[in-house]
Amino acid sequence: MKNFIIFGASKGLGDAFVRGLPQQGDQVWVVSRNRPNSLDVDDGVKRIWVKADLSQQEAASSIAHSIGDAAIDVLIYNVGIWEQNGFEDDYNFEQDEPADIANIIQVNITSTITCIQALLPNLRKSDAGKIIFIGSTAGLEHTNNSQVSFVASKFGLRGIANALREHVRKDQIAVTCVNPGELAAEIPYEEGAEKALKAYDSSRIPVQDIISLVTCIIGLSKAACVKEIDIPAMQDTNA
């Protein structure tokens, strides 16, 4: 039996993690602003909703209070917001509002650090703890993205992972950063990978692929640590 905590879990890839990773008998704390539909799934997995708004500085302490002193075996931090119209053709960095920039950094960077910091005591109670960050190919070198704040935050996430890995090495907690390319996240997990492939003519990655990858990482022994995995879409020539 494993205890999971999954951030950003109300839709898309986060929802897929909640549905596809745990097995019967496992327990999952589902962190999101809105009530996730996955709470209604009857598959022998205990799912507990932790309502939290990561744009607020008190979110970390509130989440830690909800978990109490329970052990956490797997923490998945799947959080990432971007600029308004950030991936539209008419996006212009110079029109970004300072308040929006600050919010992106709070949600994508600051909350990452403070939430992990608050939950390390719980992770240390696991025999083979895993921390998995979901980054982006936008945060890699030499990619063609002009969303300054989002890209900076995803570069920063990789830095968090690198430094945190050294901090918890003595605790035998493995820290991994997974950097996917464009996902078919609008296709619900339960509808299957084939529908996602057909909907986007195989140009976007089905969320099932990321589930398979993370399942492999979780299944490794505490002797192994996967540092970073980049998984661009096959047809994305900019990644």
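This structure is a prediction, so every number in the text was calculated from the model and none was measured.

How each quantity is defined
- Residues numbered from 1 in each chain as written.
- Predicted model: local features only at pLDDT ≥ 70, side-chain atom pairs only at ≥ 80, totals over all residues.
- Heavy atoms only, no water.
- Core = buried A, V, L, I, M, F, W, Y, C linked by side-chain atoms within 4.5 Å.
- Buried < 20%, exposed > 50% of the residue type's maximum accessible area, 1.4 Å probe, protein only.
- Helix = DSSP H or I, 4+ residues; strand = E, 2+ residues; numbered from the N terminus.
- Phe/Tyr/Trp six-rings, centres within 6.5 Å; stacked < 30°, edge-to-face > 60°.
- Contact = heavy atoms within 4.5 Å.
- Polar contact = N/O pair within 3.5 Å; in protein donor to acceptor, adjacent residues only side chain to side chain.
- Pairing = 2+ DSSP bridges.
- Axes fitted to C-alpha atoms, helices over the stretch in contact; angles between N-to-C directions.
- Disulfide = S-S within 2.5 Å.

**Side note on the nonpolar core**
Right, on to step 1. Residues Ile5, Phe7, Ile63, Leu75, Leu119, Ile131 and Phe133 are the most contacted members of the largest nonpolar core, which totals 33 residues.
Right, on to step 2. Elements supplying a minimum of two residues to this core: strand E1 (3-7), strand E2 (27-32), helix H2 (59-67), strand E4 (74-77), helix H3 (98-123), strand E5 (130-134), helix H4 (148-167) and strand E6 (174-180).
Right, on to step 3. Among the elements that make up this core, the one with the highest residue count is H3 (seven residues).
Right, on to step 4. One finds Val74, Leu183, Ile205 and Ile229 within the second-largest nonpolar core, a separate group that totals 26 residues.

**Here we look at the environment of Ile210**
Right, on to step 1. Looking at where Ile210 falls in the secondary structure, it is placed in helix H6 (residues 207-219).
Right, on to step 2. Along the chain, Ile210 and Ile132 lie 78 residues apart, while their C-alpha atoms are 12 Å from each other.

**A word on the packing of aromatic side chains**
Right, on to step 1. Scanning the model with the defined rule gives one aromatic pair in all.
Right, on to step 2. Taken together, a centroid distance of 4.6 Å and an interplanar angle of 35° make the contact between Phe7 and Tyr77 tilted. Residue Phe7 is found in strand E1, and its partner Tyr77 is found in strand E4; the two are separated by 70 residues along the sequence.
Right, on to step 3. With relative accessibility at 1%, the residue Tyr77 sits in the buried group.

**What to know about helix H1 (residues 12-20)**
Right, on to step 1. Within H1, seven of the nine residues are buried, which leaves the element mostly enclosed by the surrounding structure.
Right, on to step 2. Burial in H1 covers these residues: Leu13, Gly14, Asp15, Ala16, Phe17, Val18 and Arg19.
Right, on to step 3. Those residues of H1 that are buried are in contact with E1, E2, strand E3 (46-51), E4, E5 and H6.

**Quick notes on the side chain of Asn179**
Right, on to step 1. For Asn179, the position within the fold is in strand E6.
Right, on to step 2. For Asn179, a relative accessible area of 0% gives the class buried.
Right, on to step 3. Polar contacts involving the side chain of Asn179 include one to the main-chain amide nitrogen of Ser136, which spans 3.4 Å.
Right, on to step 4. Sequence-distant contacts of Asn179, that is, excluding residues within four places in its chain, are made with Gly135, Ser136, Thr137, Leu140, Arg158, Glu228, Ile229, Asp230 and Ile231.

**Notes on the pairing of E4**
Right, on to step 1. Neither face of E4 is left uncovered, since the one carrying Val74 and Ile76 and the one carrying Leu75 and Tyr77 both have all their residues buried.
Right, on to step 2. Relative to E4, E1 runs parallel, the two being bridged by four bridges. When the sheet's bridge partners are listed, Ile6 is paired in E4 with Ile76.

**Here's the deal with the sheet that holds E3**
Right, on to step 1. Strands sit in the order E3-E2-E1-E4-E5-E6-E7 across an open sheet of seven strands; the sheet is parallel. If you trace the sheet from one side to the other, it starts and ends with E3 and strand E7 (228-231), each paired once. Within the sheet, the average angular offset between the axes of one strand and its neighbour, ignoring direction, is 15°.
Right, on to step 2. The sheet contacts of H1 involve E1, E2, E3, E4 and E5, and relative to E1 the element is tilted by about 170°.
Right, on to step 3. Here H3 sits on the sheet and contacts E1, E4 and E5; the angle it forms with E4, its principal contact strand, is near 175°.

**Here's the deal with the state of the cysteines**
Right, on to step 1. Counted under the stated rule, the structure contains zero disulfides.
Right, on to step 2. Cysteine Cys115 shares no disulfide, and the gap to the nearest cysteine sulfur, in Cys177, comes to 16 Å.
Right, on to step 3. Given the relative accessible area of 2%, Cys115 is considered buried.
Right, on to step 4. Its sulfur unpaired, Cys225 is 12 Å from the next cysteine sulfur, which belongs to Cys177.

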